[in-house]
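A look at the structure
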Amino acid sequence: MGKKITLTIDDRQITASAGEKLLWVALENEIYIPHLCAIKEETRPAASCRLCFVEVEGLSRPVTACTQAVYEGMVVKTRSPRVDRLVKTAFELLLSDHRLECNKCPKNRACELQKIAKERKLKLRLTRLQPLEKEVTVDDSMGSFIFDPSLCVLCGRCVWVDQQEVKVGAIGFSRRGLQRKVTTIGDIPLAESPCTGCGRCVEVCPVGALSFTNQAKPEGVAVNS
Amino acid sequence: MKIATAAEHYAGMKAKAEQKINSLQEKTLIRVGAATCGLAAGAQKVKDTFVEEIKHKGLDAEIIEVGCMGHCYAEPMAIISKPGFPALCYGHMDEGLAKLLVEEFLGNDDPCYEYALVALEPNDIFPTFSDFPRDAYEKKIILEHCGFIDPEDIDHYLAREGYASLVKTLQMKPEEIISAMVDSGLRGRGGAGFPVGKKWTICRNTPSEIKYIICNADEGDPGAFMDRSVLESNPHQVIEGMLICAYAVGATKGYIYVRNEYPLAVQRVKTAIEQARKKGLLGSAILDSTFSFDLEVFEGSGAFVCGEESALINSMEGKMGVPQARPPYMAVSGFWGRPTVLNNVKTFAYVTAIIKKGAGWFREIGTEATPGTAVFTLVGKVANTGLVEVPMGTTLRQLVFDIGEGIPNDKEFKAVQIGGPSGGCLPEETLDIPIDFDSLEKAGAIMGSGGLVVLDEDDCMVAIARYFLEFTQQESCGKCTFCRLGTKHMLDILTRITQGKGSLADLDILQELAEDIKMGSLCNLGKTAPNPILTTLRYFRDEYEAHILEGRCPARMCKDLILYYIVPEKCTKLCNVCVGSCPVEAIYTREDGLKAIDQEKCVKCDNCLKTCPPEHNAVIKLSPPVLPEE
């Protein structure tokens with residue numbers, strides 16, 4: 001990492017290494033910025049969830065903290081009317097494509113969407129938009145965990161650990177537009193795919209899309225971490 | 001030492017080409033416009049007829065295929081150059097006219113002036129292009145040779161000083177080429193208008209053993225075909241521009257990314273590359289210099305988003321065609337992570353012209369902020385559709401009313417949709433804005449790659465916005481939240497409004513969503529997708545309100561808000577054309593012998609309105625869909 005620099009986030013002086021991404025610097029200093037798709041180890045962030053917007057002094061538009069490198073003298077505000085508006089809309093857009101039945105969800109109370117709503121005082125229901133209907137098939141072929149695409153927010157964390165960390169390559173993104181989804185090659189059930197059932201994807205899922213089935217929860221894995 | 005060799009080498013090559021072209025002109029030469037536009041209109045049959053008739057009559061004439069001259073409204077076109085006559089261009093060709101011309105012109109020296117469109121050289125018998133009103137506004141730089149040379153024969157290009165800019169380049173330092181680009185003020189013509197000199201400088205200054213040049217010919221806007229036409233009509237000027245760029249930034253390998261829905265462009269570019277390679281203009285030690293560069297065609301699969309540079313590069317690397325966050329910019333880390341210059345087809349074509357005629361010459365054309373010309377495809381409700389090249393700073397009014405010669409059928413102008421699905425709809429009051437990248441953006445549209453669709457009183461602005469949004473929504477790659485979901489919600493709201501089911505609150509949501517998607521999307525597809533909505537809300541809000549508050553479509557275009565009605569006072573017992581035209585038997589004869597429409601059965605296909613004879617004009621559309629009392 002680069003040399004030590006000092007930046008200001010929300011009036012707090014913070015020391016970090018030059019070139020580090022702002023999102024992780026903020027989070028490590030306990031300054032919360034909403035995020036779903038960010039992966040610290042990824043050198044080229046997906047920047048796809050569009051939730052981590054911040055204002056950087058000198059820049060004309062809000063920028064995503066996951067892609068923005070920190071530098072000496074940088075002045076950051078994590079909140080502004082423009083940022084709040086973008087986050088509110090992005091959040092509601094995600095909710096419109098997410099089955100909103102929190103009380104039945106395996107991730108209830110441990111869900112990142114709930115966390116964002118709480119931190120940013122956003123409603124966990126749709127106020128301006130109609131829910132988007134989509135037909136999905138729940139994949140419970142693995143037994144130890146299930147994949148429910150109606151809860152998936154397409155953050156890509158599962159795909160990243162599968163491909164880059166455990167290097168299995170069972171899942172990936174396919175299709176485009178509204179049809180974009182996480183799936184196996186040829187859309188076959190996970191049990192027929194190269195999936196080893198390691199459960200790393202379930203651990204990193206920020207929502208209830210991938211969840212361990214209670215009876216088969218692997219030893220020592222904290223589901224709600 | 002080397003430099004002299006390159007120039008000498010070229011001089012010999014050019015002399016041979018000139019000799020060949022001159023010999024062509026000793027006998028009758030027929031040039032048939034055979035770009036996709038001409039072929040679609042029937043150019044192949046015209047050419048075949050010429051060939052057969054000439055053979056049949058035992059005449060001595062040469063027939064070649066050329067590209068597109070830009071007068072698409074008059075396709076198929078052919079140019080006949082017969083010694084002793086000015087070269088004459090004929091439009092609206094068919095087999096009959098081809099036969100007639102062979103017989104009368106080639107056989108009997110009667111040029112059949114009544115069928116001729118224009119003469120190519122000044123003469124005292126027939127008008128030339130300079131006598132056309134549009135000539136006063138047009139300034140052809142990259143379309144100069146299009147439609148006049150054979151794109152599949154490099155000698156035609158060489159004879160017109162083709163590759164002279166390359167020779168000049170080889171005598172200059174790379175830094176001098178880049179300063180010429182900076183001085184010319186050339187801005188990328190792919191849509192965003194990024195300064196070319198700046199992009200090249202970044203690429204040149206990024207150290208790397210391997211660098212790439214990519215020409216973006218993934219033209220995907222509905223109604224736009226400038227890049228296709230340039231590649232089909234004069235591919236070598238693009239190849240030459242890429243060579244100059246490669247020399248300037250230090251690249252040795254380049255790709256032309258053409259969508260495979262452009263088979264003719266793909267084929268012509270491949271032929272051009274092969275011919276250039278054979279002449280030693282591509283490959284290693286070009287013109288015996290120390291400079292080496294080779295080109296390859298990459299066929300894209302036609303996803304609209306792959307016109308976005310980072311998605312394009314992903315697709316070339318075999319990954320999903322989805323955009324990536326920037327920085328790093330392509331000029332620093334592009335194809336396979338190497339510094340890559342990615343420019344549009346037209347941009348490279350301008351490069352060739354700038355090196356030939358100088359940065360100062362280019363700066364003189366166009367506006368201060370955007371020097372040079374703009375190439376537009378003029379389509380929609382305009383008399384003269386086609387490809388036009390005008391200096392930046394020309395007004396939309398000149399484009400539509402002087403060059404395009406206005407709206408046909410006595411209809412009233414409503415708007416121009418400029419910049420494709422990412423562009424905006426501009427009304428009458430904006431027509432006097434001098435066009436360049438910045439002025440259009442200020443008005444809410446974008447230059448885009450140059451699609452310009454003219455709309456008249458029969459076009460509903462809500463339906464038009466919905467049409468373009470449907471396109472971007474379907475073409476969204478789905479990676480980022482705003483574009484994937486936001487475009488869908490905007491489309492749903494627009495659909496509701498066109499069905500008369502919208503509310504005023506919908507308009508506020510639409511405005512908010514559009515602004516947020518513009519601000520928050522990852523790439524330019526998402527950032528510009530709301531433009532058709534934002535501009536129509538800004539300039540045509542009354543049309544939205546009519547749909548919502550009155551259930552009325554002012555242009556009578558939205559099917560749910562209209563009904564077809566036969567005016568009894570205009571209808572006659574003696575005619576029943578409409579009855580036969582109706583595909584669902586919704587039209588019946590009343591007791592008094594006049595015709596009427598069963599609204600329950602009517603599918604609003606428009607056939608009865610089209611077939612009702614003009615002396616009656618009895619069928620009308622009513623909006624809101626309420627039958628008048630009789």
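What counts as what
- In every chain, residue numbers begin from 1 and rise along the written sequence.
- Here chains are named by letter from A upward and ligands by number from 1 upward, in the order in which they appear as written.
- Local features in a predicted model are, by the rule used here, given only for residues with pLDDT of at least 70; side-chain atom pairs are given and counted only at 80 or more, and totals for whole chains, interfaces and linings are based on all residues.
- Excluding hydrogens and water, the side-chain figures rest on all heavy atoms present in the structure.
- Helix and strand assignments follow DSSP, with helices taken as H or I runs no shorter than four residues and strands as E runs no shorter than two, numbered in order from the N terminus.
- Residue exposure (1.4 Å probe, protein chains only): buried if accessible area is under 20% of the type maximum, exposed if over 50%, otherwise partly exposed.
- Throughout, a contact is declared for two residues whenever any of their heavy atoms are within 4.5 Å.
- Note on areas: these come from Shrake-Rupley sampling with a 1.4 Å probe, and a residue is covered only by the protein chains present in the view.
- In this tally Asp and Glu are treated as negative and Lys and Arg as positive; neither His nor the chain ends contributes.
- Charge coordinates come from a single atom per side chain, which is NZ of Lys, CZ of Arg, CG of Asp or CD of Glu.
- Domain start and end points were adopted from an automatic or database domain assignment.
- Once two parts are joined, some of their accessible surface, as seen by a 1.4 Å probe, is lost; buried area is that loss totalled over both.
- The term salt bridge refers to a side-chain nitrogen of Lys or Arg lying within 4 Å of a carboxyl oxygen of Asp or Glu.
- Whenever two N or O atoms come within 3.5 Å, that pair is a polar contact, provided that in protein one can donate a hydrogen and the other can accept it, and provided that, for residues adjacent in sequence, both atoms are side-chain atoms.
- Charged means Asp, Glu, Lys or Arg here, nonpolar means Ala, Val, Leu, Ile, Met, Phe, Trp, Tyr, Cys or Pro, and polar covers whatever is left, Gly included.
- Looking at any residue, its pLDDT shows the predictor's confidence there, from 0 to 100.
- Here the nonpolar core consists of buried residues drawn from Ala, Val, Leu, Ile, Met, Phe, Trp, Tyr and Cys, with membership extended through side-chain atoms lying within 4.5 Å.
- Interaxial angle, 0 to 180 degrees, is taken between N-to-C directions of lines fitted to C-alpha atoms, where a helix line uses only the stretch in contact.
- Between 65 and 115 degrees an angle is taken as roughly perpendicular, under 35 as roughly parallel, over 145 as roughly antiparallel, and anywhere else as oblique.
- One bridge is not enough; two strands pair if DSSP finds at least two bridges between them.
- A helix is expected to span 1.5 Å for every residue after the first.
- The arc in question is the one spanned by the directions pointing from the helix axis to the C-beta atoms.
- Put simply, a patch holds well-exposed residues, over 30% relative accessible area, that have no salt bridge, with like charges counted together within 9 Å and Val, Leu, Ile, Met, Phe, Trp or Tyr side chains within 5 Å.

**Focus on the overall build of chain B**
Along chain B, the regular secondary structure elements total 24 helices and 18 strands. Counting over 630 residues, chain B shows a buried share of 60%. At a minimum sequence separation of 6, the contacts of chain B that also span at least 24 residues come to 71%. Here chain B has roughly 24,200 Å² of accessible surface; of this, 50% comes from carbon and sulfur atoms. Chain B carries 65 positive and 87 negative side-chain charges, and their two centres are separated by 5 Å.

**With respect to the domain arrangement of chain A**
All names here are of chain A. According to the domain assignment, chain A consists of domain 1 (4-80) and domain 2 (135-225). If you average the C-alpha positions of domain 1 and of domain 2, the two centres end up 28 Å apart. In this assembly, eight residues from domain 1 lie in contact with seven residues from domain 2. Buried area between domain 1 and domain 2, both sides added, is near 570 Å², and the carbon and sulfur share of it is 64%. The tally of links from domain 1 across to domain 2 stands at zero salt bridges. There are two residue pairs in polar contact (both at pLDDT 80 or more) connecting domain 1 and domain 2. Residue composition of the side of domain 1 that touches domain 2, grouped by class: four nonpolar, two polar and two charged.

**Observations concerning the confidence of the model for chain A**
On average, residues of chain A carry a pLDDT of 93, and 95% of them reach 70 or more. Note that residues 215-225 of chain A has pLDDT below 50 and, in this model, 13 contacts with residues that lie over four places away or in other chains.

**With respect to the nonpolar core**
If you look at the biggest cluster of nonpolar residues, it comprises 120 residues, and the most contacted ones within it are Leu-7 and Leu-22 of chain A together with Tyr-544 of chain B. Excluding anything up to four places from it in sequence, Tyr-544 of chain B contacts Val-462, Ala-465, Leu-494, Ile-497, Leu-507, Leu-510, Ile-533, Thr-536 and Leu-537 of chain B. With 119 residues, the next largest nonpolar core counts Ile-141, Ala-353, Leu-426 and Ile-464 of chain B among its residues.

**Regarding the packing of helix H21 (residues 531-539) of chain B against helix H22 (residues 541-550) of chain B**
Residue and element names in this part refer to chain B. Where H21 contacts H22, the two axes come as close as 5 Å, and the packing angle between them is 85°. By the angle class used here, H21 and H22 are roughly perpendicular. On the side of H21, the interface is formed by Ile-533, Thr-536, Leu-537 and Tyr-539, while H22 contributes Arg-541, Asp-542 and Tyr-544. Class assignment of the residues belonging to the contact of H21 with H22 gives a composition of four nonpolar, one polar and two charged.

**Observations concerning the side chain of His-547 of chain B**
Position of His-547 of chain B among the secondary structure elements: in helix H22. Dropping the residues within four chain positions of it, His-547 of chain B is found in contact with Cys-460, Val-462, Ile-497, Thr-498, Gly-500, Arg-552, Cys-553, Pro-554, Cys-558 and Leu-561 of chain B.

**Re the domain arrangement of chain B**
Per the domain assignment, the segments making up chain B are domain 1 (21-132), domain 2 (162-364), domain 3 (373-456), domain 4 (461-550) and domain 5 (562-622). For domain 1 of chain B versus domain 4 of chain B, the distance between C-alpha centres works out to 47 Å.

**Digging into the pairing of strand S8 (residues 294-300) of chain B**
Pairing between strand S7 (residues 253-259) of chain B and S8 of chain B: seven bridges, direction parallel. The residue bridging Ile-256 of chain B from the neighbouring strand is Val-297 of chain B, located in S8 of chain B.

**Describing the interface of chain B and chain A**
When the parts of a complex come together, some accessible area is lost, and that lost area is often taken as the interface size. Each side of the interface is counted separately: chain B has 38 residues, and chain A has 33 residues. Carbon and sulfur atoms supply 59% of the area that chain B and chain A bury against each other, a total of about 3,000 Å² over both sides. Summed over the three residues of chain B that lose the most area to chain A, namely Arg-484, His-489 and Met-519 of chain B, the buried surface amounts to 20% of that side. Viewed at the interface, chain A and chain B are joined by four salt bridges. Of the charged contacts in the structure, one is a salt bridge between Arg-176 of chain A and Glu-475 of chain B, with a shortest N-O distance of 3.0 Å.

**Quick notes on the environment of Asp-402 of chain B**
Residue and element names in this part refer to chain B. Within the element layout of this structure, Asp-402 appears in helix H15 (residues 396-403). Accessibility expressed as a relative area gives 28% for Asp-402, which makes it partly exposed. As for Asp-402 and Lys-570, which are separated by 168 residues in sequence, their C-alpha atoms are 37 Å apart. Once residues within four sequence positions are removed from consideration, Asp-402 is found in contact with Pro-133, Tyr-137 and Arg-397. Of the polar contacts made by the side chain of Asp-402, one reaches the side chain of Tyr-137; its length is 3.1 Å.

**Some remarks on helix H3 (residues 43-57) of chain B**
Residue and element names in this part refer to chain B. Over its 15 residues, H3 runs 21 Å from end to end, which matches the ideal 21 Å to within 8%, given 1.5 Å per residue. What H3 keeps buried is the set Ala-43, Val-46, Lys-47, Thr-49, Phe-50, Glu-53 and Ile-54. Axial view of H3: buried residues confined to an arc of 160°, hence all on one face. Of the residues in H3, the exposed ones pointing more than 90 degrees away from the buried face are Lys-45, Glu-52, Lys-55 and His-56. If you follow the buried residues of H3, they end up packed against strand S1 (28-33), helix H2 (36-41), strand S2 (61-66), strand S3 (78-81) and helix H4 (95-108). Of the residues flanking the end of H3, it is Gly-58, one or two places downstream, whose phi is positive at about 65°.

**Details of the pattern of salt bridges**
Counting across every chain of the model gives 53 salt bridges over all chains. A salt bridge links Arg-99 of chain A to Asp-148 of chain A; the shortest N-O distance between them is 2.4 Å. One end of the pair, Arg-99 of chain A, is in the loop between helix H2 (81-96) and helix H3 (112-120); the other, Asp-148 of chain A, is in the loop between strand S6 (145-147) and helix H4 (157-165), and 49 residues separate them in sequence. Judged by its relative accessible area of 8%, Asp-148 of chain A is buried. Residue Lys-20 of chain B is joined to Asp-153 of chain B by a salt bridge in which the shortest nitrogen-to-oxygen separation is 2.8 Å. With Lys-20 of chain B in helix H1 (residues 2-24) and Asp-153 of chain B in the loop between strand S5 (116-119) and helix H5 (154-159), this pair connects stretches of sequence that are 133 residues apart. The exposure class assigned to Asp-153 of chain B is buried, which follows from its relative accessible area of 14%. Salt bridges here are not isolated pairs; linked through shared partners, they connect Lys-20, Asp-153, Asp-155 and Lys-279 of chain B.

**Considering a nonpolar patch on the surface**
Residues and elements named next belong to chain B. On the surface, Phe-194, Ile-202, Tyr-329 and Val-332 cluster together to form a nonpolar patch covering roughly 350 Å² of accessible area. By the element assignment, Val-332 lies in the loop between helix H12 (309-316) and strand S9 (340-344). On the basis of relative accessible area, Val-332 is assigned to the partly exposed category, the value being 35%.

**Re a negative patch on the surface**
Residues and elements named next belong to chain B. Together, Asp-48, Glu-52, Asp-94 and Glu-95 give the surface a local cluster of negative charge. Structurally, the position occupied by Asp-48 is in helix H3. According to the relative accessible area criterion, Asp-48 is partly exposed, its value standing at 35%.

**Structural notes on the pairing of strand S12 (residues 413-418) of chain B**
Residue and element names in this part refer to chain B. Taking burial as the measure, the six residues of S12 include six buried ones, the bulk of the element. With four bridges joining them, S12 and strand S13 (residues 424-427) adopt antiparallel strand pairing. Considered in S13, the bridge of Ala-415 is made with Pro-427. Between S12 and S13, which pair antiparallel in sequence order, lie five residues; one of them, Gly-419, sits at a positive phi of approximately 95°.

**Thoughts on the sheet that holds S1 of chain B**
All names here are of chain B. If you trace the five strands from one edge of the open sheet to the other, you get S2-S1-S3-S4-S5, paired in mixed fashion. Strands with a single pairing partner mark the edges of an open sheet, and in this sheet they are S2 and S5. Averaged over all adjacent pairs, the angle separating strand axes in this sheet is 25°, with direction ignored. As judged from the three bridges shared by strand S4 (residues 88-90) and S5, these two strands associate in the antiparallel manner.

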